[in-house]
Amino acid sequence: VSWPARTYDHKTNDEGARVTALASFPNDAAAPDAASKLAELLAGDVAAVDAIIHDRLASQAAVIPAIGEHLVNAGGKRLRPMLTLAAAKMFGASGHDGAQKLSAAVEFIHTATLLHDDVVDESKKRRGQATANVVWGNATSVLVGDFLFSRAFELMVEAGDLTILDLLARTAAIISEGEVMQLGTQRQLDTARETHFAVIEAKTAALFSAAGKSGAMAAGASQSAAEALAVYGKELGVAYQLVDDALDYSGREARLGKSVGDDFREGKMTLPVILAYEGADGQADRDFWVRTIGEGIYEDGDFQKALDLMAGCKAVETSLREAEKRVSRALSALEETPAGDVRTVLRELASFTLERSQ
Ligand code: IPE
Ligand code: IPE
Ligand code: MG
Ligand code: MG
Ligand code: MG
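As the structure is a computational prediction, the values presented were derived from the model and not from experiment.

The rules we used
Residues numbered from 1 in each chain as written. Chains lettered and ligands numbered in written order. Predicted model: local features only at pLDDT ≥ 70, side-chain atom pairs only at ≥ 80, totals over all residues. Heavy atoms only, no water. Near = heavy atom within 4 Å. Polar contact = N/O pair within 3.5 Å; in protein donor to acceptor, adjacent residues only side chain to side chain. Areas by Shrake-Rupley, 256 points an atom, 1.4 Å probe, with all protein chains shown as cover. Axes fitted to C-alpha atoms, helices over the stretch in contact; angles between N-to-C directions. Helix = DSSP H or I, 4+ residues; strand = E, 2+ residues; numbered from the N terminus. Parallel < 35°, antiparallel > 145°, perpendicular 65-115°, else oblique. Left-handed = near helix turned anticlockwise from the far one by under 90°. Contact = heavy atoms within 4.5 Å. Nonpolar A, V, L, I, M, F, W, Y, C, P; charged D, E, K, R; others polar. Donors = N, O, S within 2.8 Å, 3.2 Å for Na, K, Ca; no water. Buried < 20%, exposed > 50% of the residue type's maximum accessible area, 1.4 Å probe, protein only. 1 Å grid on protein atoms, 1.4 Å probe; cavity = no way out; pocket = protein on both sides within 12 Å on 5 of 7 lines; lining within 4 Å. Points joined across faces, edges and corners; volume = space filled by probe spheres on them.

Caption draft 1: Expanded view of the site of ligand 1. Neighbouring ligand 1 are the residues Gly-76, Lys-77, Arg-80, His-110, Leu-114, Arg-126, Arg-127, Thr-204, Tyr-240, Gln-241 and Asp-244. Contact distances for ligand 1 include 2.7 Å between an oxygen atom and a side-chain N or O atom of Arg-80. In the model, an oxygen atom of ligand 1 is placed 2.7 Å from a nitrogen or oxygen of the Arg-127 side chain. Relative to its unbound accessible surface of 400 Å², ligand 1 loses 91% to contact with the protein.

Here it is as structure tokens:
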């Protein structure tokens, strides 16, 4: 079982070869990846959540469903809403109306942040196609993002648990804080690692964490069990962002469905840059990072030069080692949860996060 409304379209990749563009899942290999297995395990719930998502995109302002369907039909991996459903199932709640609504709310929060993020990052490509800001402009993207946030809140209220509403409302605020904090670190080469980790914990890990925890809570899990899923989600989320930041340098556009090199152009202080600046061999290399990331002055060939400097000090590999550490922590937290099918697939999902980088 897969998410309905997947679309596969053929696009040309950077090498000029015809490739199957990123669809719902990045891995077209015959062996199903962990995300596909999770979708299979959660089949009924996944279909119900998909129906809620399409249903709640409806609006009399036609551009809202147009943008919504543009993004949704391009196929996201739906990791966060599946985490909510998986956590609920782990504690015996399959086909649970509240968990399904929370799952859809989580994906709406994620989609809203992507719309806003692509405006902020001036990104041109998402899920293998033009971003909403390219097609409809910044103003419309921001407003439709707001609409999706509001729809998420409606769903959370309908789910009817104030404690969960509190968790997800605080999470939405934390995500925005993370994005704002990141603006403050942009082009700041002296950004401390702790500051950077605080940014990714807020902008990405908080939602993974709340996604898992809210599913467990909706199913009536104990506080300690819900907390174990919160930790699993948080560590997975940090790992996920570390891999994403590595892929912005080392990835292939056709597989990512997003442009490579956006972070370099935008002067994002991600871990590979922090490590490359720290590991710079001599003043000329330091000057390169100051001119590009620090001052935003770019010349032809700079991205390749950045890649070469990163290769020289293993900045991408070291970032991925850090992601591995976070995945181990996620796996330890999972040991505190009930054994079974769901736990087995959640284990694989943690490894899938790292496989994305290969
Ligand atoms: C993108 O998230 C934003 C990051 C946290 C890196 P996903 O990689 O989960 O995006 P979709 O939903 O699958 O497109
Ligand atoms: C993640 O950061 C964005 C949010 C969590 C809102 P990125 O800016 O790296 O995400 P992508 O690479 O655009 O998906
Ligand atoms: Mg971005
Ligand atoms: Mg961003
Ligand atoms: Mg990124």
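Caption draft 2: Region of interest: the packing of helix α4 (residues 79-90) against helix α5 (residues 97-120). In the contact formed by α4 and α5, the axes pass within 8 Å of each other and the chain directions differ by 160 degrees. Relative to α5, the element α4 is oriented roughly antiparallel. For the element pair α4 and α5, the recorded crossing hand is right-handed. Two secondary-structure elements touch here, α4 through Arg-80, Pro-81, Thr-84, Leu-85 and Ala-88 and α5 through Ala-99, Gln-100, Leu-102, Ser-103, Val-106, Glu-107 and His-110. Residues belonging to the contact of α4 with α5 are distributed by class as follows: six nonpolar, four polar and two charged.

Caption draft 3: View of the coordination of the magnesium ion (ligand 3). Around the magnesium ion (ligand 3), the donor atoms from the protein are Asp-117 (OD) and Asp-121 (OD), and they sit 2.0 to 2.1 Å away. In this structure the magnesium ion (ligand 4) is found 3.1 Å away from the magnesium ion (ligand 3), and Asp-117 serves as a bridging donor for the pair. Judged by its relative accessible area of 12%, Asp-117 is buried.

Caption draft 4: Quick look at the layout of surface pockets. When its volume is computed, the largest pocket comes out at roughly 280 Å³. Lining the largest pocket are 15 residues, and of these Leu-167, Thr-171, Ile-174, Ala-206 and Ser-209 sit closest to its centre. With seven residues, the top contributor of residues to the lining of the largest pocket is helix α9 (residues 193-218). Per-class residue counts for the lining of the largest pocket are eight nonpolar, two polar and five charged. Approximately 190 Å³ is the volume attributed to the second largest pocket. Lining the second largest pocket are Thr-113, His-116, Asp-117, Val-120, Phe-149, Ala-172, Ile-175, Ser-176, Glu-179, Val-180 and Leu-183. Elements with a minimum of two residues in the lining of the second largest pocket: α5 and α8 (162-185). When residues of the lining of the second largest pocket are assigned to their parent elements, the largest contribution, six residues, is made by α8.

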